[in-house]
Each structure stands twice: as C-alpha cells, then as structure tokens.
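Spelled out from the first residue to the last, the chains are:
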2 protein chains.
Amino acid sequence: MKVMAAQINPTIGDLEGNVQKILGALKRSRKAEVDVVVFSELAICGYPPEDLLLDHEFIERIGTKLNEIARETEGLFVVIGTPSWNQSGKEKPLFNSAAVLCDGRLLGYHHKQLLPTYDVFDEKRYFEPGDSPSVFEHLGKRIAVTICEDFWQHSQMVGYSSYVCDPVKQLQEYEIDLVLNLSASPYSYRRKDTRLSVFALAARALQAPLVLCNQVGANDQLVFSGRSLHLNEKGELIHQAKSFEEDDLIVDLDVRAGSHCPEEDGIGDMYRALVVGMRDYFHKQGFKKALLGLSGGIDSALVATLAQEALGKENVLAIAMPSRFSAESSLSDARILSQHLGIELKEIGIETLFQASLELLEPEFKGRAWDSTEQNLQSRIRGQILMAFSNKFGALLLNTSNKSEMAMGYSTLYGDMCGGFAVLSDVSKTYVYELSRYVNREHEIIPNAILTRAPSAELKEDQTDQDTLPPYEVLDPVIEDYIEERLSAEEIAEKHNLPLPFVEDLIAKMHAAEYKRRQAPISIRVTQKAFSRGRNVPIVQKWKS
Amino acid sequence: MKVMAAQINPTIGDLEGNVQKILGALKRSRKAEVDVVVFSELAICGYPPEDLLLDHEFIERIGTKLNEIARETEGLFVVIGTPSWNQSGKEKPLFNSAAVLCDGRLLGYHHKQLLPTYDVFDEKRYFEPGDSPSVFEHLGKRIAVTICEDFWQHSQMVGYSSYVCDPVKQLQEYEIDLVLNLSASPYSYRRKDTRLSVFALAARALQAPLVLCNQVGANDQLVFSGRSLHLNEKGELIHQAKSFEEDDLIVDLDVRAGSHCPEEDGIGDMYRALVVGMRDYFHKQGFKKALLGLSGGIDSALVATLAQEALGKENVLAIAMPSRFSAESSLSDARILSQHLGIELKEIGIETLFQASLELLEPEFKGRAWDSTEQNLQSRIRGQILMAFSNKFGALLLNTSNKSEMAMGYSTLYGDMCGGFAVLSDVSKTYVYELSRYVNREHEIIPNAILTRAPSAELKEDQTDQDTLPPYEVLDPVIEDYIEERLSAEEIAEKHNLPLPFVEDLIAKMHAAEYKRRQAPISIRVTQKAFSRGRNVPIVQKWKS
C-alpha cells in the first residue's frame, strides 16, 4: 500500500485556491500510483480559521468544496481536514473533522476527540469533541484516522490540560494496520523532540505504521513547519517531508526502509520560520515590497537580511535616518550591509524635523528638563518618515523590535513600534545574535562591527541599552523562564542566582508594558509563548505591579 | 430572612484591595442584620482574570484570602466567587466556583456548570464544568447557589452554544426556597430585556425568590453595570441595586413588596458605561490626567465631555492643532466647548511641521501627486504633538476614533489612532450623535454647530467623510448587522434594500481594516460585539476580500 501525505500551504478562507492545491495533489498521487492520500487538519479552509467558523455560509461553502473534492477520488482513499456540522444541535455547532472520501463518495468522518484550548488554540470556542475513535477499512487494511491533539494525551505531554479520554488507548482495542494523523502543529523552537516522542509512543502503542500530514507555511502569527512524517510500527522515524515548503511525502508501506531523515537544525529552523512567516504574510495578501529603517544596529540588520531572503533584494528598501546622536559607524555599517544584501538604501537625516519639533514645543515645555519625551520624538519622526514612504510607494513597513524590548517596554509607541508586520517580536536579543551569526556562518553578510558594538537606541549622547536594561544574558533567561516556562519569581531567582526583588521588578515591568504590546504589529511566533494571541493577560491588574 | 447582594467593583488581581471591599461589606451586612450575603462571580480576584489563572501562585494566594474571609463570617451565610482547584487532575485544573462560608467555616463549593466560551468569554480555557447543581441549607431554608451562565440554557437565549445540561431544570427536583446567582455580566447596549427574561424564567421555574449579585465597574474593555436584583417567585422584578456604582442591595424576603425599580435608560446607560469604563481604566492604574486632540469635530467633542465627567475638568487637557485645511469655525467651536466644560485648551498649529516634513520628503516624492500620504502626515504630526505632551506631563492620551471609522479603516495608524485608551471605538457615528444629543438634553454643552456640520477629517480642501464613506445612516446599520447580528451580505442587502455588491464591498473593507484595528488602543465595549477581544478574525484571509 502506498500512502501520500500531501503537505500543502493553505491560505485561510481561500477555498478556491486551497481546493486547487488539493486537486493538484490528487492528480500527482495518481501518477505515483498511490492508494491513500492524507491532507492536514482543516486543509480546505486552512488552519486556524478563527471566527470565520461562526459564519454559517463559510461552513456551507466548505461543504460544497468537499463534494467537489470527493468527485475526484476515483480509485483513491482520501482523508482531508474540514469542519462539519454537529447535527445533534447540542453545545457547539461544529466538529473539527477528517472527511474520508473514496471512489467519489464520502465514507464518513472522524471527529477530533481532543480539542486544545490553551495557548494559541481555542478549539472549544467552535467545536464539540468527537466521542469515539474512527477506523476505516480499505484494501483489506484497518486504517485509524486521528487528528493532531488526539495523539497527545497518550504521551501525557500536554502542558495545560489532561484529557479524560485517550484516543490512542481506545484504538488499542482494534487491530490497526495503519494510523493516519491530520495535523496543524505550529512550529516553535526546540519543540521537535516532544513532537517526535508523542508520535513514536502512538505508533508503538498501536504497533502500526503511522503517516502524519502537517500543514506547512504561515497564517498570521503561526508558522507551520511541515515535516510530515512516516514512523514504522516500532515508532522509528523512517521518512520525513521537507520543512517549511510544500511537499508530497510518498511512503510504500510494503517496502522495509531504514531511516533517511535529515537532522533538524535548531537555529537554522528559526531562521527559516521567520523567512516563511514574512513571505507568506506578504504574498498571501498580495504585497510585494517591504521597507524598513536601517539604524546600523543588529535588529534592523537581521530584519533586512531576512527580508532580502523572503522577498528578494529588489523588493526591499532600507532607509537610514541619522540624527545628532547617531555614530558615524552606524551609518557606514548600514551602507556596507545594504551593499552586501544588494538592497537599496536611502539616507534621510531627521535633524531638521527634530529641530522644528523642539521649537514648536519649546514654549510649552520651557524650563523642563530633556527626558524620554525628546527621545521618543526622534523615534516617532523616523516612524513618520517610514510611514510616508510606505503610503506613497505601497510598501509594507517592517517592524524590527525584538522580544527582549517588547518584554520590557523598551520601545517607542508610534516610533520604532511602527510597522505592518513585526519580524522579531518573538525573538529575544540573545537569539537575534545567534541568528546573525547563523547568517554569517559562511561569510560576513552582517558586518561584524554590528555584532560586536554595544546595543544602543542612539536617542541621546553615549546611550546604550544597558543604561536602562540589565545585560541581555541576564535579562533574556528571566523573560524566557517567566513567559515560556511559567516559572515563579522565586523559582527564577533561585535558578539563576538572582536577588528576588530584582526578578520581581523585571516581572512587574513585563506586565506594565502590556499596554504597549497591545498596540504592536502582528508578529511571527517562533517560541512556545509569544507576546501576542496565546497570551491573554489584562492590562489593568494589580497581581504583578 | 434578609439577603444582601454586595455589589462591589473589584480590580483584577488586587487581592488585598478586593478583600478589603469584601470585609467592609460583611461589616455593613451585620449592621443591617442580614442573614445571607452574596458576592459576584470571581469576586476575590475580579472578573475576567484571564491568563493570571494559569499562575499557580495566584490561585494559592486567592485560597489564602478565602480563608481570611471565612474567619469573618460568624453568624452569616456568605457566598463568594473564587476559582478553586479541580482535584480530579483531569482536563482543566480549575473550577469557576462559589464558595459557601458560614460561621467561620467553608461549607463547600458550587462549581459553575455552564462555561461560556464565545465572544469575550473563554472559560473553557481555564475551567472544568461542575457536574451537578448545589443546594445548601441555612436557617431552615434550601438555598440554590448558581453562577451566571448556569441560568442561561433554560431560557435558550445563548447565542453561540446550546448546552446539554440545564441546571435550572436539575434544580427543579429540589424544593428550593431561595436562589442565589453570582454574576459578572458585562454591559451591552439594549441587553436589558434578555437579561431580565432569563432570570425571570429561572425564578418562575423554581418558584422561588432570586437574588443576583452582579459585578460593577470596568476591567480593561469590559464594563459591568451592577444592577444586582431581586425577583419574587413569580419572576417579577422587585428590587434592583444601583447601576454603574457600588451598592448593597438588601432584601427582606419576609416582607411582600411591589416593584420599585427605576426604569432603565438606553442611551443614558451607554453614556454612563463610557464614563465608568474610562474612570476605572485611569484610576485602577493610578492615572489622573488625560489629554486629547480637540478638532472641533463631534467625536473629540464627545470624548472631551466624557473625560470631564469621568476625571474632573482640572484633569483634562485639550489641544487644538489647526492646519491649512481647518475651518475657522472648527477652532472656535473647540474654544466654546472647552469653555463650557471648563477644561484647558491649548492651540498649536501644525503648519510649520507639516511644511518641514513636505520639504524633507520632496526630493523623494518629486513628481508624484498628493494622496493619502500627505493626509496621513498631518494626522501623524498631530499624534506626535499629543504624545510629546503625554510623555512630558504624564497624561494619558485619549483616542477619539469611533466604531464606524474603525470598521472601515477610515483612520490613520500612528495618527488619529494614537492613544493609551480608545473611548468610542465601539460607538458608531450614529450613537456618537445620539450621545451628544443626550449630553445637550438640558442645555447646550457641545455646540450645536458641531452637531450640524458635515463630518470631516479636514486633511484636504473641502473634505467630508462622505467623499469616502457612504452616509452614516446607510453605513452604520450595515456594520451593526454584520458585526453584531452576524447577518450575511444577502440578508443585509435585502433588509436594507441595498445592492448586494455594495454590501459585499463594505464587508470586504471591514475585513481589510483588520490589520489597523490590531494596533488600536484598548477600548470600552458597549455593544454585543466590539472590534477587540471577543472578535477573533485572521488578518490574512481570502474569505471576505
């Protein structure tokens, strides 16, 4: 039996476009003489469709598309993710389903039994859980159909819930010959091992080979890495589809094969996730061109590099906007970088506008000392210039703030926080450096001077980030442990041998910056917990203040 | 038996402050010789605590506070909302509970059975539903303890779910003498009738008097109107606590009373919700002073009026920032309004900065026509000036965009969309006018000229909103029917006798503006569906485009 995992990159709600991809995969599967084709979770509408699921017409139209697909399944056994109506009329009106199509007919559905409702997932907002596992027969084989989270309870590796039901255990009562899983599992850095253990446990428990089809590409903040996979009945990884691009993973179950899967690459994966996240955000919306402010600092240098890779050098415009506080070297480094990348660089000084602003405000601010107001003013003038270019030339402004800054509120609303898309908001400064070294792994693209210079916002004389923030090697682990690992202040203080009041103060600052983050551009999630959807905390609160 | 609904205004996570309010209420209840005291849902931590519930220490600390409260219940039967641990270790780790305290002891809990997970509610993210109703005995009476949504299935008035379980029906098997309900029911315009019908049905079904304690005050975007109530066993409304302020509703069940409840006031309620929403956002965070741009248009006029009422005239600074496109009358109306309100008005022309910006960009923009770029530039210069004042004087900038503009993206990011708090983002232009007439109901506060002049952004010569947008009396019902009523384009076109392509185009524009709204300041929700938390739609999608 030959099985194909059709790893496609759907766009949310692009039913016509997604169905074209699906029909294309079916055509290719026929050429390859495949028997069984499996698609990803909610493949027809793309994952996650969010509140579009509340639109009755949306569900009906997907149903029509499912029928179109069914007609093209002559000689095939096809499993595809789709919402379906919960006919009982009780609780939520939908199931998150896998439709099983064969020879032009709908054989039935599997309804996802475990519905993740934590972090970025809110499936119980829309779906009712299915109440039983699903086994179909085809060509004399018993095929278990499962959806993503259905596997996770068995491993007990779910962070926020512990489900009563364990579909893997339920399936042990059948003699399963093949397990299919339809997934839409978002990428996050270092998640790989968990993912593989979960699937290996399921394959071993059912003593059956397992083929999993994962979504690939990005939708809004979520990036899906693809890497659809085939495990044998011992849970050994045998084949794996490409990462971060569409692919057909074709597996012949009758051929014994040893593993031939490329090793995954930690920081390289994060780099690719950022590139794909940006590219899909642009291209799925029909944007071609990006612009960004190039300060000579490392954040904007990395964003320029990522943009050149994601969109092509001819589609990236960089603007350097020096002020009286900019080091000469910042500008020259920006020039070198843009030459390396082959992108256009414009230079527009902000001094005249800064001076004019100071003069306008002078009668009102008379007698008051310079403070963050004047620093923010410079940052906002830059934002203004960038947005004027964005508006005039229809290029989308890239935001270059990193996660460490976003955590601490070390950023200017309507200044460096401007942008249609935030590339690094989920990448701490530590990883900004690591990614930059990765960029330079073969030859210097980002000038080394940028990597070695002390980070500075250059908004006043001789400023460095560390005038205001702890060193990043101290700060970043605290952020990671509080936001991602959900450790308490006490645990963090002990783990890193830091004074408790110091850690508590950092945590209070993280919460105090929530109002700023609420106005930040949409960003790419690359860690287990980003400062965006998936982390719902109140602005007004006195728990951590 | 005397029952008191202690209608308090908790701050999220302010355990110490909230407990002080709770203990104060217990003291007052003793003076009034009350037997039973009921507080609102999750009163100890405030509703909605969101992801603070994922913090183990948060739950533990609330438990400690519950014990403190228990010690102060000598001679009382007290029911109070609190999260509690789900000891089974299965599914979600918490219950949304009502703790029943009596004579210094914890008698037990009722666990909320129906967990709303739609719109702004995401209770299944945190809580496991309780599996049975709860009846306690006190002074010979059987008292049913219920929490908010527990009542709603019985009325079948829940919009997004239909629960399998109906706690009211389950309670019919007991002979109930008194029903208590702990609520945190957010205000929305015109929701009153539904609310009362739901509770009346429950009281009648159980043939028992019902006392409901609702939260009051605002937390982030949600405003709670209070209006705790007492219905008799026929479902007739007998007493009602004050709206939009703290109150003790004390009911003697042994005294037959006719209804003495003030009529509710539609638009006046919306006005008060906005005032309370703003006041609590400021005061709960320790902000005193607000500033805003006063254009001479109706939106900023209304916001200034609301701010003066919420914060006091001495705490509101208005800044008029005329340009070459501003009508003389706009400035003079702004002056008159600020005199009426007794607030300070500064006048700062933007012409020099606008000119300087145009000159700076001229070499780059040469040969290109004026377009929205130059309009946005003016708006952003104003934003810049306002933010400089905000930073220098520590006053929070009020955003004045209305819901119609937010729906259509008729606003400038980092320009008129600046602000720490958006007052009118959930108020359509139609209601902006209605609220302004309400303000002027006794005498003219907002100059009539502002109400009668055609709305204009004044960003180019002779501009009016209707150059770009349909008339608001056409637009606003479309927005309301699509966003709040969830009607389809076809239904809306038919209902309002509009061409279908015109309606479809408006809907596509609403979706296209999602990226802007994602960067909007937090706002006050006053309708059944606001453009903020509670409406989760993708930015990148091709369903409506």
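Residues numbered from 1 in each chain as written. Chains lettered and ligands numbered in written order. Predicted model: local features only at pLDDT ≥ 70, side-chain atom pairs only at ≥ 80, totals over all residues.

Here the focus is the overall build of chain A. The helix and strand inventory of chain A stands at 17 helices and 19 strands. Taking 2.2 N^0.38 as the reference for a compact globule, 545 residues should give roughly 24 Å; the C-alpha atoms of chain A span a radius of gyration of 26 Å, in line with that estimate. Projecting the C-alpha coordinates of chain A onto the three principal axes gives extents of approximately 85 × 50 × 45 Å. Expressed as a percentage of its 545 residues, the buried residues of chain A come to 57%. (Helix = DSSP H or I, 4+ residues; strand = E, 2+ residues; numbered from the N terminus. Rg over C-alpha atoms; globule rule 2.2 N^0.38 Å. Buried ≥ 20, exposed ≤ 12 C-beta atoms within 10 Å, placed from the backbone.)

It is worth spelling out the pairing of strand β11 (residues 222-225) of chain B at this point. All names here are of chain B. Of the two faces of β11, the one carrying Leu 222 and Phe 224 and the one carrying Val 223 and Ser 225 are both buried. Sheet analysis places strand β10 (residues 216-219) next to β11, joined by four bridges and oriented antiparallel. Considered in β11, the bridge of Gly 217 is made with Phe 224. Between the antiparallel neighbours β10 and β11 lie two residues, among them Asp 220 with a positive phi of about 50°. (Pairing = 2+ DSSP bridges.)

Turning next to the interface of chain A and chain B. Opposite the 68 residues of chain A that make contact, chain B presents 68 residues. Of all the elements in the fold, those that place two or more residues in the side of chain A that touches chain B are α2 (56-70), α6 (266-285), α9 (351-365) and α10 (372-393) of chain A. In terms of residue count, α10 of chain A provides more of the side of chain A that touches chain B than any other element does, 11 residues in total. Looking at the side of chain A that touches chain B, its residues break down into 27 nonpolar, 22 polar and 19 charged. (Contact = placed C-beta atoms within 7 Å. Nonpolar A, V, L, I, M, F, W, Y, C, P; charged D, E, K, R; others polar.)

Once that is clear, we can look at the environment of Leu 237 of chain B. Residues and elements named next belong to chain B. With respect to the helices, strands and loops of the structure, Leu 237 is situated in strand β13 (residues 237-240). Each C-alpha atom of the pair Leu 237 and Ser 132 lies 27 Å from the other, and the pair is 105 residues apart in sequence. The residues touching Leu 237, leaving out its near neighbours within four places in the chain, are Leu 196, Leu 229, Leu 231, Ser 259 and Cys 261.

Moving on: the packing of helix α14 (residues 472-484) of chain A against helix α15 (residues 489-496) of chain A. Residues and elements named next belong to chain A. Orientation of α14 relative to α15, taken along the N-to-C sense of each, is 140°, at an axis distance of 10 Å. The crossing of α14 and α15 is right-handed. Of the residues in α15, those in contact with Pro 477, Val 478, Asp 481 and Tyr 482 of α14 are Ile 492, Lys 495 and His 496. Residues of the contact of α14 with α15, tallied by class, amount to four nonpolar, one polar and two charged. (Axes fitted to C-alpha atoms, helices over the stretch in contact; angles between N-to-C directions. Left-handed = near helix turned anticlockwise from the far one by under 90°.)

Below, the discussion takes up the relation of the copies chain A and chain B. For the pair chain A and chain B, the best superposition has an RMSD of 0.0 Å and corresponds to a rotation of 180° with a translation of 0.0 Å parallel to the axis. As the rotation angle and translation indicate, the two copies are arranged about a two-fold axis. Considering only C-alpha atoms, the residue of chain A closest to the rotation axis is Gln 519 of chain A, which sits at 2.1 Å. Interface overlap between copies is the fraction of interface residues in one copy that are interface residues in the other; for chain A against chain B it reaches 100%, indicating a shared surface. (Least-squares fit on C-alpha atoms with pLDDT ≥ 70 in both.)

This part is about the sheet that holds strand β8 (residues 178-183) of chain A. Residues and elements named next belong to chain A. Across the sheet, which stays open at both edges, the six strands sit in the order β6-β7-β8-β9-β12-β13 with mixed pairing between neighbours. Two strands lie at the open edges of the sheet, namely β6 (134-138) and β13 (237-240), each paired on one side alone. Neighbour-to-neighbour, the strand axes of the sheet open up by a mean angle of 20°, direction not taken into account.

Glancing now at the sheet that holds strand β1 (residues 2-7) of chain A. Residue and element names in this part refer to chain A. Spatial strand order, β5-β4-β3-β2-β1-β14: six strands in an open sheet with mixed pairing. Lying at the two open borders of the sheet, with one neighbouring strand each, are β5 (105-111) and β14 (247-252). For this sheet the average axis-to-axis angle between neighbouring strands, irrespective of direction, equals 30°. Contacts from α2 reach β3 (77-85), β4 (94-102) and β5, with the element oriented near 165° to β3.

Confidence in the prediction for chain A averages 95 pLDDT; 100% of positions are at 70 or higher. Interface confidence for the predicted complex, given as ipTM, is 0.95, next to a pTM of 0.96. (pLDDT = per-residue confidence, 0-100.)

All names here are of chain B. Of note, Ala 98 is situated in strand β4 (residues 94-102). On the basis of neighbour count, Ala 98 is assigned to the buried category, with 30 C-beta atoms found within 10 Å. C-alpha separation for the pair Ala 98 and Lys 529, spaced 431 residues apart in sequence, amounts to 28 Å. Excluding its chain neighbours within four sequence positions, the residues that come into contact with Ala 98 are Val 79, Ile 80, Gly 81, Tyr 109, His 110, Val 145, Ile 147 and Leu 182.

All names here are of chain B. You can see Ala 203 is positioned in helix α5 (residues 192-206). Sequence spacing of Ala 203 and Ala 454 is 251 residues, and the spatial spacing of their C-alpha atoms is 50 Å. When sequence neighbours within four positions are dropped, the list of residues in contact with Ala 203 reads Val 179, Ala 208, Pro 209, Leu 210, Leu 231, Glu 233 and Gly 235.

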